[in-house]
2 protein chains.
Amino acid sequence: MQATIDYRALAVSGVQALQPYQPGKPIEELERELGITNILKLASNENPLGASPQAQAALAVALKTLELYPDGSGYQLKAAIAEKFGLQSPQITLGNGSNDVLELVARAFLDKQNAAVFAEHAFAVYPIVAQAVGAELRVAKANPPDHPTMHYGHNLANLSAKIDAKTRVVFIANPNNPTGTWLGKAELHAFLQGVPADVIVVLDEAYTEYVTDPDFPDALAWLAEFPNLIVTRTFSKIYGLAGLRVGYAVSSPEIADILNRVRQPFNVNSLALAAAQAALGDDAFLQRSVATNAAGLQQWFAACAENGWEYIPTVGNFITVDMKRPAAPLYDALLREGVIVRPIAGYGLPQHLRITIGTQAQNQRCINALKKVLAA
Amino acid sequence: MQATIDYRALAVSGVQALQPYQPGKPIEELERELGITNILKLASNENPLGASPQAQAALAVALKTLELYPDGSGYQLKAAIAEKFGLQSPQITLGNGSNDVLELVARAFLDKQNAAVFAEHAFAVYPIVAQAVGAELRVAKANPPDHPTMHYGHNLANLSAKIDAKTRVVFIANPNNPTGTWLGKAELHAFLQGVPADVIVVLDEAYTEYVTDPDFPDALAWLAEFPNLIVTRTFSKIYGLAGLRVGYAVSSPEIADILNRVRQPFNVNSLALAAAQAALGDDAFLQRSVATNAAGLQQWFAACAENGWEYIPTVGNFITVDMKRPAAPLYDALLREGVIVRPIAGYGLPQHLRITIGTQAQNQRCINALKKVLAA
């Protein structure tokens, strides 16, 4: 019998304190726990229209060669992304979801000697990937709850103030999850101009395709101006491929080369590569998804006005509602109604619930359930 | 215009020197380069029988919900693995291929302060994942070319000699890739007994299902005895699911908890989870795969004897042949014959080619091509 060892204490320091990401509750988990069916999940900002039909069709071919390793270079998908957005393939790093590319940035550029900066209420993956490599985590205060136009949104002055010689990476989500808040062209461009060139700025645009506001920036157009800029995108949201795990980063070829060195050789699987490539060209599906989301947001804005519910400004495919009381019991009550939403106490918002925009019928069911549990 | 910055110099030290893994050449890449068709790829130890039919069938259901995130906990697949091998789910860490779990071990336990030990000619991913986190790389000399029974195989005495207070992880492949060599029950058990309990031993069993030798160890049975042991397995080889990326680690629940903290929340995609679960129970396919491989190995052993080709002892689904001259020109000549094999100069074996065991017809085509290019 060998001596008893505390293996946690043997882990590297960043990992010892690591708390993993808490995903939205899966439908099958709720089925197991409560023994109910007909569950509506509005917890993970998935596309209520399903997946791109062109992606579905592309899978029929890819399914014939499951035994072959994927193309580790992602040659065809990168060419398709480059073609669509006027980029070059060497600017692109493919990821197993954009979570993967966010992690690659942290593993390539952060360690115990430097610091990562991000905003309060920002996407939870930024502190996780920075913590795992032992970097200092610097949280910039968000706009206050009484901010006139963008409460809980990223505050760029506060972000700038956290940047110093020790800072290596700044993570910004635009629009941000779980708040839905966003940054306009002029303010974000001015911010980027003020960031030293040796500080890498990750602009996470997971929800960008949903945004119709003409003042919303096209950050890909800024890459030539800012060699320290990394823009990340995903196929998990509007493309409806969350199950397949595909995201990507766009940057200078030099930064992409570094990220691709850290990347696992087959990080995106062969079905995911094929489906993503097909989805990229499915303009009809994208347009339907934007229209469905825009209508759903209007439905929610009207319901909030009617019921006196406050919410955070949003241009994403979700709305974050202020319950004005602890949200956890309401979340549990909604589960018993068969509706899964997202509690976000872990984001410093214990009285809010984040709700994905669904179809009109799904939205109505959720609105009705929320009215019921609030009245109980 | 901002100052020109050398972003490579800003990367963490381990990453600055990182050389990425070189995969086998994809068929479509050779098609693009040489404009030829009817290509035979025996370069990546893929299953020549394709994928498990039960896995194919399971995908039909999973394809209906591409828009939903995978179950991040992998509940059903872990339960199926636990059931099949007499384990508990909390012992299991799922990976995006076993590459992913190997990387999780490195990221959880290795950093600049400690060292990783592995054998000369061992699987290339061990030095890559250890280098990426800046750990010291210690390479134990393998058995020499004139070893009587297991030339180029791991030498356990040399591995033991590399372990000291700075050592945190030892990587062992059994059987090893790209050599095909293996370690027997008694010698490996004695080695594990000699490893301090605060040194983690990763036993990579990617090819274990092909081995029929009764002296080959069942390392899963040793987990209770060695709390520092991590056994890794994959669905990329005998299960024929290399395109889907599924592997797993089995360990104490305590170590699995640490690995699962570092793991990306959705590292295995939903189609991969479904296919792997189904493949696990497809005994008929596994038996056919073992039989096909055993017959193919005999075919190759006979061809080697007939042609005077020396090879490294193997129990895997590949054979590594000593060309007795620089292998790179032979590799290129085989490409022009439409046959992709694997050059392994990067493993310190510049005169060897690693060839995957295929069907009888595939093996014969490769043998004929090899005879032709050797005679040219």
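What counts and how
Residues numbered from 1 in each chain as written. Chains lettered and ligands numbered in written order. Predicted model: local features only at pLDDT ≥ 70, side-chain atom pairs only at ≥ 80, totals over all residues. Heavy atoms only, no water. Salt bridge = Lys/Arg side-chain N within 4 Å of Asp/Glu carboxyl O. Helix = DSSP H or I, 4+ residues; strand = E, 2+ residues; numbered from the N terminus. Buried < 20%, exposed > 50% of the residue type's maximum accessible area, 1.4 Å probe, protein only. Axes fitted to C-alpha atoms, helices over the stretch in contact; angles between N-to-C directions. Parallel < 35°, antiparallel > 145°, perpendicular 65-115°, else oblique. Left-handed = near helix turned anticlockwise from the far one by under 90°. Contact = heavy atoms within 4.5 Å. Nonpolar A, V, L, I, M, F, W, Y, C, P; charged D, E, K, R; others polar. Pairing = 2+ DSSP bridges. Phe/Tyr/Trp six-rings, centres within 6.5 Å; stacked < 30°, edge-to-face > 60°. Least-squares fit on C-alpha atoms with pLDDT ≥ 70 in both. Buried area = accessible area lost by both parts, 1.4 Å probe. Polar contact = N/O pair within 3.5 Å; in protein donor to acceptor, adjacent residues only side chain to side chain. Core = buried A, V, L, I, M, F, W, Y, C linked by side-chain atoms within 4.5 Å. Domains from an automatic or database assignment.

1. Concerning the pattern of salt bridges
Residues and elements named next belong to chain A. The tally for this structure, following the rule as stated, stands at 34 salt bridges over all chains. Residues arginine 32 and glutamate 28 are paired through a salt bridge, measuring 3.8 Å at the closest nitrogen-oxygen approach. Residue arginine 32 and its partner glutamate 28 are located together in helix H3 (residues 27-34), separated by four residues, close to a single helical turn. The closest approach of N and O atoms between aspartate 322 and lysine 324, which form a salt bridge, is 3.6 Å. A relative accessible area of 12% means that aspartate 322 is categorised as buried.

2. A word on the packing of helix H12 (residues 283-307) of chain A against helix H14 (residues 360-375) of chain A
All names here are of chain A. Between H12 and H14, whose axes approach to 10 Å, the crossing angle comes to 20°. Here H14 runs roughly parallel to H12, going by the angle between their axes. Handedness of the H12/H14 crossing: right-handed. Across the interface between the two elements, Ala295, Gly296, Gln299, Trp300, Ala303, Glu306 and Asn307 from H12 touch Gln360, Asn363, Gln364, Cys366, Ile367, Leu370 and Lys371 from H14. Looking at the contact of H12 with H14, its residues break down into six nonpolar, six polar and two charged.

3. Comments concerning the sheet that holds strand E4 (residues 136-140) of chain B
Residue and element names in this part refer to chain B. The strand order across the open sheet formed by seven strands is E2-E8-E7-E6-E5-E3-E4, and the pairing between neighbours is mixed. Of all the strands in the sheet, the pair left with one neighbour each is strand E2 (92-95) and E4. Going from strand to strand, the sheet's axes swing by 20° on average, the running direction of each strand aside. Pairing of strand E6 (residues 200-204) with strand E7 (residues 229-234) involves four bridges; the strand directions are parallel.

4. Focus: the packing of aromatic side chains
Summed over all chains, the structure comprises 20 aromatic pairs over all chains. For the pair phenylalanine 123 of chain A and tyrosine 126 of chain A, a centre-to-centre distance of 5.7 Å together with 85° between the ring planes defines the contact as edge-to-face. The pair phenylalanine 123 of chain A / tyrosine 126 of chain A is uniform in exposure class, with both members buried. Relative to phenylalanine 266 of chain B, the ring of tyrosine 69 of chain B lies with its centre 4.7 Å away and its plane at 40°, an arrangement referred to as tilted. Linking tyrosine 69 of chain B in the loop between helix H4 (53-62) and helix H5 (75-85) with phenylalanine 266 of chain B in the loop between helix H10 (253-262) and helix H11 (270-280), this pair joins segments that are 197 residues apart in sequence.

5. Overview of the relation of the copies chain A and chain B
The operation relating chain A to chain B is a screw motion whose rotation component is 180°, with 0.0 Å of axial translation and a residual RMSD of 0.0 Å. In the structure described here, the two chain copies are related by an operation that fits a two-fold rotation axis. Comparing interface residues between copies, 100% of those in chain A also sit at the interface in chain B, which points to an isologous, same-surface contact.

6. Observations regarding the interface of chain A and chain B
Taken together, the contact between chain A and chain B spans 80 residues of the former and 80 residues of the latter. Between chain A and chain B the total buried area reaches about 7,100 Å² when both faces are included, carbon and sulfur atoms providing 54% of it. On inspection of chain A and its partner chain B, the count reaches six salt bridges. Linking chain A with chain B are 41 residue pairs in polar contact (both at pLDDT 80 or more), by the criterion used here. Those elements that place two or more of their residues in the side of chain A that touches chain B are helix H1 (7-10), H3, helix H4 (53-62), helix H5 (75-85), helix H6 (98-109), helix H10 (253-262) and helix H11 (270-280) of chain A.

7. So, the nonpolar core
If you look at the biggest cluster of nonpolar residues, it comprises 208 residues, and the most contacted ones within it are Phe109 of chain A together with Phe109 of chain B. Counting residues per element, this core draws most heavily on H11 of chain A, at eight residues. When neighbours within four sequence positions are excluded, phenylalanine 109 of chain A is seen to be in contact with Asn114, Arg168, Val169, Ile200, Ile255, Ile258 and Leu259 of chain A together with Tyr7, Leu10, Ala11 and Val12 of chain B. The next biggest cluster of nonpolar side chains, apart from the first, holds 32 residues, and it includes Tyr331, Leu353, Ile355 and Val373 of chain A.

8. Focus on H11 of chain A
Most of H11 of chain A sits inside the fold, with ten of its eleven residues counted as buried. Taken together, the buried positions of H11 of chain A are occupied by Ser270, Leu271, Ala272, Leu273, Ala274, Ala275, Ala276, Ala278, Ala279 and Leu280 of chain A. Summarising the contacts, the buried residues of H11 of chain A are in contact with H4, H5, strand E2 (92-95) and H12 of chain A together with H11 of chain B. Where H11 of chain A starts, the residue carrying a side-chain oxygen 3.1 Å from the main-chain nitrogen of leucine 271 of chain A turns out to be asparagine 269 of chain A.

9. Thoughts on the domain arrangement of chain A
All names here are of chain A. Once the domains are mapped, chain A shows domain 1 (23-45 + 284-375) and domain 2 (65-281). Taken together, the contacts link 23 residues of domain 1 with 26 residues of domain 2. Taking both partners together, domain 1 and domain 2 bury about 2,000 Å²; carbon and sulfur atoms supply 67% of that area. When residues of domain 1 are sorted by the area they lose upon contact with domain 2, Pro313, Val315 and Tyr347 head the list and together hold 34% of the total. Linking domain 1 with domain 2 are zero salt bridges. Across the domain 1-domain 2 interface, the total number found is ten residue pairs in polar contact (both at pLDDT 80 or more). Of all elements in the fold, only H12, strand E10 (318-322) and strand E13 (349-356) reach the threshold of two or more residues within the side of domain 1 that touches domain 2. Considering every element that reaches the side of domain 1 that touches domain 2, the biggest residue donor is H12, with five residues.

10. Re unusual backbone geometry
Omega for the peptide link from asparagine 177 of chain A to proline 178 of chain A comes to 20°, which places this bond in the cis form. With respect to the helices, strands and loops of the structure, proline 178 of chain A is situated in the loop between strand E5 (167-173) and helix H9 (185-194). Although it is not a glycine, histidine 121 of chain B adopts a positive phi angle of roughly 65°. Here histidine 121 of chain B shows up in the loop between strand E3 (115-119) and helix H7 (125-132). A positive phi angle, near 70°, is found at tyrosine 152 of chain B, a position not held by glycine. By relative accessible area, tyrosine 152 of chain B is classed as buried at 11%.

11. Re the sheet that holds strand E9 (residues 310-311) of chain B
Residue and element names in this part refer to chain B. The sheet built from four strands is open, its strands ordered E9-E10-E13-E12 with antiparallel pairing. Among the strands making up the open sheet, the edge pair consists of E9 and strand E12 (342-344). Where E9 meets strand E10 (residues 318-322), two bridges bridge the pair, whose relative direction is antiparallel. Bridge pairing in E10 places glutamate 310 opposite aspartate 322. Where helix H12 (residues 283-307) meets the sheet, it contacts E9, E10 and strand E13 (349-356), and its direction lies at approximately 10° from that of E10.

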